[in-house]
Amino acid sequence: MATTEPTSTSCLPWAGSALFGAAMGCVTWSLTVWARAYCDAGYDAGGRFELNFLLPLLVGAEALVGLVARALGRRLVPRAPTAVRVSLPTLLVVAATVGTAWWFFATRGTLADYPGDSGLCPATNVPPQWPDWIPV
């Protein structure tokens, strides 16, 4: 069975970038909800409303970040070898969406010095299961 490779005019890489960004937004939102619920910091009625309000905004923003990173990567390497033309935009999409997700989790998911009621987390409200090698 013969398969065709995506051409430079294909919309597949663009759709993949937007979908990867949207998926990263969903994962980030889930981690944020988990951290707040586990530490019981900012998980009252107002905090849950804030998180539910931010879900579509975060998913849309991450999809947009993925598309902008793809466009920037394509502008940087118009006459580069094929391997660079394919890999650089993809690496930029991954780095930009993961960086944005990391920033959101660090600022909205772990509310430092917020009074948590669970007693399971330190004052930084970073759950103990969070890996030490990923700073928050």
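Residues numbered from 1 in each chain as written. Predicted model: local features only at pLDDT ≥ 70, side-chain atom pairs only at ≥ 80, totals over all residues. Heavy atoms only, no water.

I'm lost on the overall build of the protein chain in this one. Help?
Helix and strand counts for the protein chain stand at three helices and zero strands. The order of helices and strands in the protein chain, counted from the N terminus, is α-α-α. For the C-alpha atoms alone, the extent of the protein chain along its principal axes is close to 55 × 30 × 30 Å. Each of the 136 residues in the protein chain was classed as buried or not, and the buried ones make up 32%. Within the protein chain, contacts between residues at least 6 apart in sequence are counted, and of these 68% link residues at least 24 apart. (Helix = DSSP H or I, 4+ residues; strand = E, 2+ residues; numbered from the N terminus. Buried < 20%, exposed > 50% of the residue type's maximum accessible area, 1.4 Å probe, protein only. Contact = heavy atoms within 4.5 Å.)

What am I meant to see in helix H3 (residues 82–109) here?
Note on helix geometry: an α-helix contains 3.6 residues per turn, so any two residues three or four positions apart are oriented the same way. Its 28 residues place the ends of H3 39 Å apart at the C-alpha level, agreeing with the 40 Å of an ideal helix rising 1.5 Å per residue. Where H3 is concerned, the buried positions are Pro89, Val93, Thr97, Ala101, Phe104, Phe105 and Gly109. Those residues of H3 that are buried lie in contact with helix H1 (12–39) and helix H2 (45–76). (Expected span 1.5 Å × (residues − 1).)

Please explain the environment of Gly60 as it appears in this structure.
Residue placement: Gly60 occurs in helix H2. With 39 residues separating them in the primary sequence, Gly60 and Gly21 have C-alpha atoms 8.2 Å apart.

What's the story with the packing of aromatic side chains in this structure? I'm lost.
In this description, a pair of aromatic rings is defined by centroid distance and the angle of the planes. Scanning the entire structure with this criterion turns up three aromatic pairs. Consider the rings of Phe49 and Phe53, whose centres lie 6.5 Å apart with planes at 20 degrees: the pair is stacked. With a gap of four residues between them, Phe49 and Phe53 both fall in helix H2, about one helical turn apart. Summarising the burial analysis for this pair, Phe49 and Phe53 share the class exposed. Ring centres 4.6 Å apart and planes at 25 degrees place the aromatic pair Phe105 and Trp130 in the stacked group. Of this pair, Phe105 sits in helix H3 while Trp130 is found in the segment after H3, placing the two residues 25 residues apart along the sequence. For the pair formed by Phe105 and Trp130, the shared burial category is buried. Sitting over the face of the ring of Tyr43, Arg48 holds its NZ or CZ atom 5.2 Å from the ring centroid. (Phe/Tyr/Trp six-rings, centres within 6.5 Å; stacked < 30°, edge-to-face > 60°. Lys NZ or Arg CZ within 6 Å of the ring centre and 35° of its normal.)

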